[in-house]
Structures are given as C-alpha cells and as structure tokens.
Amino acid sequence: MEGLVAQCSTRLLQQEKEIKFLTEEIDRLKNFGCIGVSPSLEQLREENSKLKYRLKVLQKSLQAERNRPTKRVLIQNLGSPPLIVTPSQQPKFGDYQCNSAMGLSKMLLKTQEQKVNPREIAENITRHLPDNEYIEKVEIAGPGFINVHLRKDFVSKQLTKLLLNGVQPPALGERKKVVVDFSSPNIAKEMHVGHLRSTIIGESMCRLFEFVGYDVLRLNHVGDWGTQFGMLIAHLQDKFPDYITVSPPIGDLQAFYKESKKRFDTEEEFKKRAYQCVVQLQSKMPDITKAWNLICDVSRREFQKIYDALDISLIERGESFYQDRMTDIVKEFEEKGFVQVDDGRKIVFVPESSVPLTIVKSDGGYTYDTSDLAAIKQRLMEEKADIIIYVVDSGQAVHFQAIFAAAQMIGWYDPKVTRVSHAGFGVVLGEDKKKFKTRSGDTVRLIDLLEEGLKRSMDKLKEKERDKVLTPEELKAAQTSVAFGCIRYADLSHNRMNDYIFSFDKMLDDRGNTAAYLLYAFTRIRSIARLANIDEEMLQKAAKETKIILDHEKEWKLGRCILRFPEILQKILDDLFLHTLCDYIYELATTFTEFYDSCYCVEKDRQTGKILKVNMWRMLLCEATAAIMAKGFDILGIKPVQKM
C-alpha cells in the first residue's frame, strides 16, 4: 500500500506549497507589494478577506489529511489479512492465482469503512513484490485476480534437488510432540469393520506427522476396564472353571460376554456377584487380576493379527492405565469449585454445553468422562504434547467437546498454544447404503474382511493373467499390495466426515481414482527405466549432470504438479483431511499419463524395437513422479510393488 501513502504525501506537499504561497500573497497585499498602482482601499480589503478565507479552508483540509490514517496502517491493523493462493485451473491464468485483493477490499470496507478497489490493491501487491528467483511475471486479471507465472529454470532446479536429495517435507519450524489416539478396540471383543476407519486414518496421520519430523506417540486407548469385566469374570467362574489358568479363545470370549450381559440385566444375584468381581479387580486381588490379564492377552494377540496385516504400529495404553489417576482428577475439580452433586452423582458443567460431565456415579464408580479427563491431563502434563488428535467416530463429537472444554476451564491447556482436536469420521455402509453388516445381520469381523480382500485380489490378478508372468513370490506380494492397499485407499480417499459405501468391486476396479489404478500406474512408471536398461546409478548420474527441460506443455504441467506435494501436506497438517492427498496422487498419475502419451521418453525403431534414443531429462521426470507417488503411498500406508 506504499503507493497510496505516496499519493497522500504528494497531495499534502502540494497543499503546503499553496498555503505558503497564499500566506506570502496576503503579506504582499497587506503591504501593497503586489500592486503596480495604488488600488482603492475597498478593493484591497475584499481581496484580502477572500484570501484569508481560502487560507483557512486549505489549512483545515491539510490538518484533516494529516490526521487521517493511511491505508497502509489500516491493512497492518487488519489482524490476519486473507492469503489466498491456489494453483490456476487454466494455463492462460498462469501457474498460481492470488485472490487476496478481493478479500482485503471487503475487510477494509467492513472494519475500517474504507472503500478501496480490489484492482488497486492488487496493483499495489504486485508493485511491491520483491525480486525473487521463483516468479517470471505477474498479471492482474478481472476485478483483482493476480496471475503468477513461475520461472521454468526455478521449477527445473527444484526437480533436480528432489532427485538428488529425496522427497522433502514442508519446512515447519520447531519439532513438536504429537499424541494420536486411534483404533481403540474393546478387550474381550473381536475387532469389527467399525474399527477399520479409526485404525487406517490414525495410522496415516501418524505417518504424516512423522514424515515432517514431529515426535509422535501412537496410543491405543483400548477398553480394558469397567463393570463389563466383573460381569465376564463372574460368568466365567460358572461356565469356564479354568479361567484363572487359561482364557477362552476370542470368539468364545465374545459369546461369553453376551451371555454375561444378559444375566447381568436379568439376574439380581449375578449382578451383585459381578459388582464384587469389579471391586476385587480394582483392589488387585491376585486371582481376579490374573484372569483379567489372561483375557487381555488373548485379545491383544487377535488385535495384533490385524495390525500386522495392515502394518499398524501402536502402543497400548488402555483405560486401566489411568485408574490410579482418577481420584486426583475428581479432587482437583472439587478443589477448584467445579463439582456439583446431582442425585448422588458428581457432575461438572462446562462452557457451551448443556449436558454435564459425570465424573463420579451415584454408586461411587468412575465413568468414561473421568478416564478421558485423566487421559487428556496425562498427555498434556506428563507427555507434554503440543498436539493431541483423537481419531474417534463423529458420534463422540459432543463428548470430546465437553472433555476439551473442561480441560481448558481447569487450566490444563491454552488452545492458542496447544492444539487438541477430535478428528471425527462417518460410518462404513454396505452397498444397500445401510450400516455394513453380514447377511445374517451381524457386525462384519475385520479379520474376515481382510481375508475376503485377499481372495478377491488374487481373483482379479488371475483374471488379468498376472499369474502367468509373475513368480509365486511376486504374485503373493502383488496380492497383498492390492488387497490391503485398496481397502485403505477406499477409506482414505473419501472425506472422513462422510459415510462411505464399502464395495470390493469398486475398490478393485483399475479405472478411476482407486488404489488398483494407482498401483498399476506406479509399476508402469517404474518399468520405463528398467525396460530402457537404465539403472538407479545411471539415473543419479543423470540427475547431477542433466538439466530437466520443460519446454513441452505436458512437461511443464507435470513438473509443476510434482512440486505441489509439500503444499498438499501442509494443507492436511492444518485440516487433517487425508482425501486431499489421495486426490493429489490421482491427479499426479493422470498428469503423468498425459505427459507420457505426448512426450517420448525412449525412442525406438518401429520395425525392430531397438532403442534409438533415450531422452534422459524425461526419464528424470518419470523418476521424480515415482518418488512423489512412493512417498504419498507410504503416508497412506500402501505398499507398492515393482512388478504387478
């Protein structure tokens, strides 16, 4: 806005000069210095009066100009002016578009009552851009869009850096401690399709935070405590006498749990015995504790089968971990005057919530609210987390809002300093658009889902006759890559806030935005150099010596698309929506296809097939594309293979 300030200064200077001139004119009139001959006294007085009046008007105008805040100051006082820079949708609009001028104009009008043309703001922005190595030119279009054209040599150099140094994360400043709470199945129950989303989304978030250099603690907040274990152990005492030395398998445990719940709801005597078992477990009675540990161990082994198949890494820290902290949590809320008693319950009202948290039940027991408060305090105070992410279904949104509000109210964290977020997600639907169930109406077991994926993946590979060209080991690797990659990608490619329909047919389709298409595209890209007899060492040598040429429009489009990867990651770090990465990888793959169809990487004799020429700069573009796709797959938890 320096141009506007300069205009004001010029006006002030002109007025000061005119005032000086008029002052001198009045002095001359007073002394008859401007008159060649003596005029009448009345004429002199009239002219003198007019000049004095004009002088006062100009002085008043000058003072008003001096007192008026300049537009540069106004913009500095706007707080957070909008910074809107997006990739251009059409080449004629440059490579990026900045739409901030319109937003600034609206803010000035709303907050400062200053009406400034957006195009004038855009002109001032472009006028004051410093000299740099990135931008070839900028243009102003329409009401105030700023079209930015990048320098080709800059893009070429950045691609070379990528090939020499590897794929780098966006620069984020200091290293932060991140806690991600995800997966969280219940002990004594099998993992089902409902656990799929939390597990997959949470794992990918952790991988992203780790890639950008943060210290990540991956926590599995399993349901391993509470009345249900008193019920189950009391039932096992009747139905499974060896419960102290061996636990039933997970399938039987789940059946026993259902039976125990039915008895708890209908048999008063059993209910009393179940509560006794809970008290004995809380008191750490050896036999009851041993039975509980056996139940937890058999559940963990079953969970681990899922985690191994999907390459999930977690540290278990269940509800039991926080039991010894809960008494202190209640005491702290009481001492600070936040606790009210309602029908024997101890409750806490938090800001902007009509439903209170129950931290002690009427029977003296603790609740999920208590354990979640203990958990968030431990993560803030002991783990010293800068960022805490809860990857839990959207149905828990109100609960977590209350937990976060209580933690702020009691002074455990300041949201301006520490980020605490609930990354909610929708449910998995069947193809009938109802909650995903088996044909018998039961919840789909996750292990069954993964096994079905493996079967269908192999069927698809054999349908394409890949079993005739791949070794048994390569076929097995391709089967696993496609099966688990498709299941993950089908979830992650949808906006997590939405429900999505689970369909093996759609996710295994190698057309469109699916993992199957992208995995096939990746193996094709990797095969280009191999079929041209170019190895890794030759590519590295070429990266050091060969300039990447971007003269063809498809070369230029691909080069720019490759360099957008850090921008994509930065956006996801801000909003935690991983489908943005899926959309980007799909865009990169389709952009590469356009490039490969238009630009020969390897030129061959049409009759003999003999290689006549290798355009090495284009081979480097292939390599850069594959490197970005590989890193994107890694963040999504997808394992590509060299041959498919």
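Residues numbered from 1 in each chain as written. Predicted model: local features only at pLDDT ≥ 70, side-chain atom pairs only at ≥ 80, totals over all residues. Heavy atoms only, no water.

## Quick look at the overall build of the protein
At step 1: Tallying secondary structure elements over the protein gives 23 helices and 16 strands in all.
At step 2: Across the 644 residues that make up the protein, the buried fraction comes to 47%.
At step 3: Of the contacts formed within the protein by residues at least 6 apart in sequence, a portion of 72% connects residues at least 24 apart. (Helix = DSSP H or I, 4+ residues; strand = E, 2+ residues; numbered from the N terminus. Buried < 20%, exposed > 50% of the residue type's maximum accessible area, 1.4 Å probe, protein only. Contact = heavy atoms within 4.5 Å.)

## Topic: the environment of histidine 399
At step 1: Relative to the elements of secondary structure, histidine 399 occurs in helix H14 (residues 397-409).
At step 2: By relative accessible area, which is 17% here, histidine 399 ends up buried.
At step 3: Sequence spacing of histidine 399 and leucine 357 is 42 residues, and the spatial spacing of their C-alpha atoms is 8.4 Å.
At step 4: Not counting residues within four places of it along the chain, the set of residues in contact with histidine 399 comprises Asp369 and Asp372.
At step 5: At a separation of 2.7 Å, a polar atom in the side chain of histidine 399 contacts the side chain of aspartate 372. (Polar contact = N/O pair within 3.5 Å; in protein donor to acceptor, adjacent residues only side chain to side chain.)

## Some details on the sheet that holds strand S9 (residues 345-348)
At step 1: Taken in spatial order, the three strands make up an open sheet running S8-S9-S10, and their pairing is antiparallel. Among the strands making up the open sheet, the edge pair consists of strand S8 (339-342) and strand S10 (357-360). The mean angle between the axes of side-by-side strands here comes to 45°, regardless of whether they run parallel or antiparallel.
At step 2: Relative to S10, S9 runs antiparallel, the two being bridged by three bridges. Each bridged residue has a counterpart across the sheet, and for valine 348 the counterpart in S10 is leucine 357. (Pairing = 2+ DSSP bridges. Axes fitted to C-alpha atoms, helices over the stretch in contact; angles between N-to-C directions.)

## Notes on the packing of aromatic side chains
At step 1: Overall, the coordinates contain 18 aromatic pairs when judged by the stated rule.
At step 2: Relative to tyrosine 322, the ring of phenylalanine 321 has its centre 5.0 Å away and its plane inclined at 80°; by these criteria the two rings are edge-to-face.
At step 3: For phenylalanine 321, a relative accessible area of 35% gives the class partly exposed.
At step 4: A relative accessible area of 0% places tyrosine 322 in the buried class.
At step 5: Joined through ring pairs, the aromatic side chains of Phe333, Phe338 and Trp412 make up one cluster. (Phe/Tyr/Trp six-rings, centres within 6.5 Å; stacked < 30°, edge-to-face > 60°.)

## Quick look at helix H11 (residues 286-310)
At step 1: The end-to-end C-alpha distance of H11 is 36 Å, a good match for the 36 Å that 25 residues give at a rise of 1.5 Å each.
At step 2: Looking at the residues trailing H11, positive phi occurs at aspartate 311, about 55°. (Expected span 1.5 Å × (residues − 1).)

## Quick word on the confidence of the model for the protein
At step 1: Considering every residue of the protein, the mean pLDDT works out to 89; 88% of them sit at 70 or more.
At step 2: Under a pLDDT of 50 for its full length, residues 1-6 has, in the predicted model, 17 contacts with residues more than four places off or in other chains.
At step 3: Overall, residues 33-38 carries pLDDT values under 50, and its contacts beyond four positions in sequence, including any with other chains, amount to four contacts. (pLDDT = per-residue confidence, 0-100.)

## Some points on the pattern of salt bridges
At step 1: Taken as a whole and judged by the stated rule, the model has 42 salt bridges.
At step 2: Because the salt bridges share partners, they merge into one network encompassing Glu203, Arg207, Glu210, Arg218, Asp311, Lys631, Asp634 and Lys639. (Salt bridge = Lys/Arg side-chain N within 4 Å of Asp/Glu carboxyl O.)

## Examining the nonpolar core
At step 1: In terms of nonpolar packing, the biggest core is built from 149 residues, with Phe209, Phe502 and Leu581 touching the most fellow members.
At step 2: In terms of residues, this core owes the most to one element, helix H23 (residues 616-636), which gives 12 residues.
At step 3: Ranked by size, the runner-up nonpolar core spans 33 residues in total, among them Tyr322, Val350, Ala374 and Phe404. (Core = buried A, V, L, I, M, F, W, Y, C linked by side-chain atoms within 4.5 Å.)

## As for the environment of aspartate 499
At step 1: For aspartate 499, the location among the structural elements is in the loop between helix H16 (472-492) and strand S14 (500-501).
At step 2: Between the alpha carbons of aspartate 499 and glycine 426 there is a distance of 4.3 Å; along the sequence they are 73 residues apart.
At step 3: Aspartate 499 has contacts with Gly426, Val427 and Leu429, leaving out every residue within four places of it along the chain.
At step 4: Only 2.8 Å separates the side chain of aspartate 499 from the backbone nitrogen of valine 427, close enough to count as a polar contact.

## Considering the sheet that holds strand S7 (residues 315-316)
At step 1: One open sheet accounts for five strands, arranged S7-S6-S5-S11-S12; its pairing is parallel. Since the sheet does not close on itself, it has two edges, and those belong to S7 and strand S12 (419-422), each with one partner.
At step 2: Summarising the sheet, strand S11 (residues 387-390) and S12 pair through four bridges and their orientation is parallel. Each residue of the ladder has a partner; that of isoleucine 387, found in S12, is arginine 419.
At step 3: Sheet strands in contact with helix H7 (residues 196-211) are strand S5 (177-181), strand S6 (215-220) and S11, and its direction is about 165° off that of S6.

## A look at the pairing of S6
At step 1: In terms of burial, S6 is largely enclosed, as five of its six residues are buried.
At step 2: For S5 and S6, the ladder comprises five bridges, and the chain directions are parallel. In the strand pairing of S6, valine 179 is matched with leucine 217.
At step 3: Inspection of the sheet shows S6 paired to S7 by two bridges, in the parallel sense. Within S7, the residue paired with asparagine 220 across the bridge is glutamate 316.

## Quick look at the packing of helix H20 (residues 553-563) against helix H22 (residues 579-598)
Working note: a packed helix pair is described by the angle between its axes plus the distance between those axes.
At step 1: Running from N to C, H20 and H22 point in directions that differ by 160°, and their axes come no closer than 9 Å. When the axis of H20 is compared with that of H22, the two are roughly antiparallel. The handedness of the crossing between H20 and H22 is left-handed. Two secondary-structure elements touch here, H20 through Lys554, Glu555, Lys557, Leu558, Cys561 and Ile562 and H22 through Tyr584, Glu587, Leu588, Thr591, Phe592, Glu594, Phe595 and Ser598. (Parallel < 35°, antiparallel > 145°, perpendicular 65-115°, else oblique. Left-handed = near helix turned anticlockwise from the far one by under 90°.)

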